[in-house]
2 protein chains.
Amino acid sequence: MLYLGVDLGGTNIKAALVDETGSLVREAAAPTGLPRSAQSICDDIASLCLALAGDRTVAGIGVGCPGMVDGGLVRYSNNLAWENFAMADYLTAKTGLPVKVGNDANVAALGEALVGCAKGAHSAVILTLGTGVGGGVVLDGRLLTGYSGTAAEPGHMVIADDLHAPMCTCGRRGCFESLASATALIRMTREAMDAHPDSLMHRLAGEGITGSTAFDAAAQGDDAGQAVVLQYVHNLAVGVANLINIFSPQVVGLSGGVANQGEALLAPLRHAVRAMVFGSKFQPRQTTITTCTLGYRAGVIGAAMLLR
Amino acid sequence: MLYLGVDLGGTNIKAALVDETGSLVREAAAPTGLPRSAQSICDDIASLCLALAGDRTVAGIGVGCPGMVDGGLVRYSNNLAWENFAMADYLTAKTGLPVKVGNDANVAALGEALVGCAKGAHSAVILTLGTGVGGGVVLDGRLLTGYSGTAAEPGHMVIADDLHAPMCTCGRRGCFESLASATALIRMTREAMDAHPDSLMHRLAGEGITGSTAFDAAAQGDDAGQAVVLQYVHNLAVGVANLINIFSPQVVGLSGGVANQGEALLAPLRHAVRAMVFGSKFQPRQTTITTCTLGYRAGVIGAAMLLR
């Protein structure tokens with residue numbers, strides 16, 4: 001059986017024809033072209049999908065959409081400026097196909113859990129370390145969406161309930177996202193550079209500070225860079241250990257730009273997390289902490305898997 | 001069909017014959033009599049169960065056991081001083097009945113989720129506010145036990161990652177348990193009494209400080225008591241909101257001594273939590289925060305429900 005997967009972003013609509021194993025058969029993309037109406041965007045999604053399918057039989061369309069998704073309804077999407085749009089019904093009317101919609105971060109997590117870094121695993125928590133900390137939780141092959149349909153917001157788990165903790169975009173202080181996103185890493189790097197005018201980070205950041213600046217400096221022995229990496233890894237470890245103490249997943253998979261650091265991130269992270277997991281030494285089966293493998297395709301593959 | 005449920009504690013073994021609706025048919029108890037061997041304790045459990053069943057047909061025995069339970073194996077129980085004891089196999093050999101074993105807090109949560117405060121709900125997070133913060137998570141009628149079998153340790157979710165946060169019994173600082181257990185409430189009460197020699201709490205605590213001291217003083221208008229209650233409710237709200245942002249459960253149920261405060265706890269807690277839930281105003285279905293209803297019987301009923 002074949003499935004259509006759509007990853008709707010603020011910039012591009014990505015779509016793919018995906019087979020039952022999660023392999024891509026064909027891909028296509030179109031600009032999202034914001035600002036424009038939900039109907040107009042969905043007309044383009046429908047055209048992309050019908051063109052990808054051609055005369056092949058497909059089981060349906062899965063869509064990953066930014067924002068709060070509740071069944072086939074997009075309750076609220078800040079990025080798209082949508083409120084209560086019945087996306088699944090609209091797309092079904094346009095294509096004649098069954099449509100399922102999920103939150104984009106959740107859907108990408110489903111892709112990684114079923115086809116990518118956690119393929120075959122009992123359970124997985126996937127975290128995307130980007131502008132924020134997004135993610136999804138997959139238990140027994142199914143996305144955790146909760147009673148409201150909007151579960152799995154690990155980025156808004158407070159890990160530092162403190163008046164002096166960094167402010168999160170959600171308006172609270174000390175959210176995991178405000179301490180472990182790429183944005184947080186860049187903020188910490190900037191603060192360390194201000195405090196250490198002699199740090200190598202100033203030279204490395206010639207083109208602008210990125211999530212790599214502190215890691216690159218640390219690799220070259222820069223003390224201030226190493227301190228930033230240590231603090232960032234600690235913050236990330238606190239949130240990851242919390243999620244392990246709650247879910248005990250078989251796999252924690254990390255994606256997003258920061259995850260590209262690979263072992264420079266994973267090795268100290270695993271070490272820090274192990275000391276934080278409750279009753280770690282008595283647990284016969286430990287959580288594997290790794291990086292995601294599908295890259296930008298996790299979105300379209302996961303969306304297709306909504307229908308499998 | 002009838003089921004046997006056993007709640008094994010450090011002081012007593014409680015057992016019950018339970019019907020399919022979760023109603024108690026008969027109860028019995030015996031002292032745990034620590035210290036003594038796992039085998040000797042299980043011999044008493046078997047006798048209690050067989051006596052309760054009499055000549056009735058029962059589907060099997062469910063047991064809630066303190067510590068780290070992995071399938072029918074008790075990996076580690078600090079309270080009982082057990083390590084890697086094959087409890088289910090031992091009890092099956094003694095009784096000829098199928099046996100399932102779960103962590104005691106998890107099993108009590110299953111009872112509340114299926115028969116008590118969250119009966120009929122899509123999902124529930126149950127928290128016991130006692131010496132620590134125990135709990136369990138029930139999704140679609142099933143306990144979340146995770147890959148290791150030992151999931152759902154919400155008490156060891158760090159909510160205040162800070163060198164000055166209170167030390168938890170697990171050796172880390174700022175765990176939910178160290179800030180929202182009855183033990184934490186008593187510590188906060190003692191600290192406030194030391195700082196406020198004129199507080200009503202001194203008179204009310206004549207017999208010793210309890211989890212009610214600050215609530216009782218607050219109800220009589222004592223400023224220091226009200227400050228303790230406010231801070232405690234805030235701490236509890238941070239952890240509860242984290243769990244809602246992660247699970248979006250239909251019900252959060254609170255048990256343990258502190259939960260006996262009822263609306264004096266629940267009303268300010270609901271108010272505080274609502275402001276902390278991510279995207280709360282766009283969610284069509286909100287989590288209900290309530291108190292548990294089964295009392296000490298949650299353990300035996302939940303244990304029996306392991307077999308339903």
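Above this text you will find the structure in question.
Calculation criteria
Residues numbered from 1 in each chain as written. Chains lettered and ligands numbered in written order. Predicted model: local features only at pLDDT ≥ 70, side-chain atom pairs only at ≥ 80, totals over all residues. Heavy atoms only, no water. Helix = DSSP H or I, 4+ residues; strand = E, 2+ residues; numbered from the N terminus. Buried < 20%, exposed > 50% of the residue type's maximum accessible area, 1.4 Å probe, protein only. Contact = heavy atoms within 4.5 Å. Axes fitted to C-alpha atoms, helices over the stretch in contact; angles between N-to-C directions. Parallel < 35°, antiparallel > 145°, perpendicular 65-115°, else oblique. Nonpolar A, V, L, I, M, F, W, Y, C, P; charged D, E, K, R; others polar. Pairing = 2+ DSSP bridges. Left-handed = near helix turned anticlockwise from the far one by under 90°. Least-squares fit on C-alpha atoms with pLDDT ≥ 70 in both. Phe/Tyr/Trp six-rings, centres within 6.5 Å; stacked < 30°, edge-to-face > 60°. Lys NZ or Arg CZ within 6 Å of the ring centre and 35° of its normal. Polar contact = N/O pair within 3.5 Å; in protein donor to acceptor, adjacent residues only side chain to side chain. Core = buried A, V, L, I, M, F, W, Y, C linked by side-chain atoms within 4.5 Å.

1. Details of the overall build of chain A
1) Next: Within chain A one finds 10 helices and 13 strands.
2) Next: Taking the principal axes of the C-alpha coordinates as reference, chain A spans close to 60 × 45 × 35 Å.
3) Next: In chain A, buried positions account for 57% of the 308 residues.
4) Next: In chain A, the proportion of contacts linking residues at least 24 apart, taken out of those at least 6 apart, comes to 61%.

2. Observations concerning the packing of helix α8 (residues 223-247) of chain A against helix α8 (residues 223-247) of chain B
1) Next: Close contact between α8(A) and α8(B) brings their axes to 12 Å; oriented N to C, the two are set at 75 degrees. As far as their axial angle goes, α8(B) and α8(A) are roughly perpendicular. For the pair α8(A) and α8(B), contact is made by A:Leu243, A:Ile246 and A:Phe247 and by B:Leu243, B:Ile246 and B:Phe247, respectively.
2) Next: Split by residue class, the contact of α8(A) with α8(B) holds six nonpolar, no polar and no charged.

3. Focus: the sheet that holds strand β13 (residues 288-291) of chain B
Residues and elements named next belong to chain B.
1) Next: Taking strand neighbours across the sheet as the criterion, the five strands line up as β11-β10-β9-β12-β13 in an open arrangement whose pairing is mixed. In this open sheet, the two edge strands, each paired with only one partner strand, are β11 (142-143) and β13.
2) Next: Direction of pairing for strand β9 (residues 123-129) relative to strand β12 (residues 251-255): parallel, over a ladder of five bridges. Paired with leucine 127 across the strands is leucine 254, a residue of β12.

4. Digging into the packing of α8(A) against helix α9 (residues 263-274) of chain A
Residues and elements named next belong to chain A.
1) Next: Close contact between α8 and α9 brings their axes to 9 Å; oriented N to C, the two are set at 55 degrees. In terms of their interaxial angle, α8 and α9 are classed as oblique. The way α8 lies across α9 gives a crossing that is right-handed. Across the interface between the two elements, Tyr232, Val233, Leu236, Ala237, Val240, Ala241 and Ile244 of α8 pack against Leu265, Pro268, Leu269, Ala272 and Val273 of α9.
2) Next: Residue composition of the contact of α8 with α9, grouped by class: 12 nonpolar, no polar and no charged.

5. Here we look at the relation of the copies chain B and chain A
1) Next: Once turned by 180 degrees and shifted 0.0 Å along the axis, chain B lies on chain A with an RMSD of 0.0 Å. Both chain copies can therefore be described as sitting about a two-fold axis.
2) Next: Mapped onto chain A, 100% of the interface residues of chain B again fall at the interface, so both copies present the same surface.

6. Observations regarding the packing of aromatic side chains
1) Next: Applying the stated criterion across every chain, the model contains seven aromatic pairs over all chains.
2) Next: Ring geometry for A:Phe85 versus A:Tyr90: centroids 5.9 Å apart, planes at 50 degrees, classification tilted. For the pair A:Phe85 and A:Tyr90, a shared accessibility class is recorded, and that class is buried.
3) Next: Members of the aromatic cluster, each reached through a chain of ring pairs, are A:Trp82, A:Phe85 and A:Tyr90.
4) Next: The ring centre of A:Tyr147 lies 5.9 Å from the NZ or CZ of B:Arg285, which sits over that ring.

7. What about helix α3 (residues 104-114) of chain B?
All names here are of chain B.
1) Next: A large share of α3 lies buried, amounting to nine of its 11 residues.
2) Next: Along α3, the residues that are buried comprise Asn106, Val107, Ala108, Ala109, Leu110, Gly111, Glu112, Ala113 and Leu114.
3) Next: Residues of α3 that are buried make contact with β4 (58-65), β8 (99-103), β9, β10 (133-139), β11 and α10 (298-305).
4) Next: Where α3 starts, the residue carrying a side-chain oxygen 2.9 Å from the main-chain nitrogen of alanine 105 turns out to be asparagine 103.

8. Remarks on unusual backbone geometry
1) Next: Cis peptide bonds are those with omega within 30 degrees of zero, and the linkage from A:Leu34 to A:Pro35 qualifies with -5 degrees.
2) Next: Mapped onto the elements, A:Pro35 comes out in the loop between β3 (24-31) and α1 (38-53).
3) Next: Of note, B:Ala81 is a non-glycine position whose phi angle comes to about 60 degrees, a positive value.
4) Next: Structurally, the position occupied by B:Ala81 is in the loop between β6 (73-77) and β7 (82-85).
5) Next: Positive phi outside glycine occurs at B:Ala152, with the angle close to 65 degrees.
6) Next: Turning to its location among the elements, B:Ala152 is positioned in the loop between β11 and α4 (176-180).
7) Next: Overall, B:Ala152 belongs to the buried group, its relative accessible area being 4%.

9. What about the nonpolar core?
1) Next: Counting residues in each nonpolar core, the largest one holds 114 residues, and the members touching the most others are A:Phe247 and B:Phe247.
2) Next: Discounting chain neighbours no more than four positions away, the residues touching A:Phe247 are A:Val125, A:Val137, A:Leu139, A:Leu144, B:Leu144, B:Gly146, B:Tyr147, B:Ala151, B:Ile246 and B:Phe247.
3) Next: If you look at the next biggest cluster of nonpolar residues, it comprises 33 residues, including A:Leu4, A:Leu17, A:Cys42 and A:Phe85.

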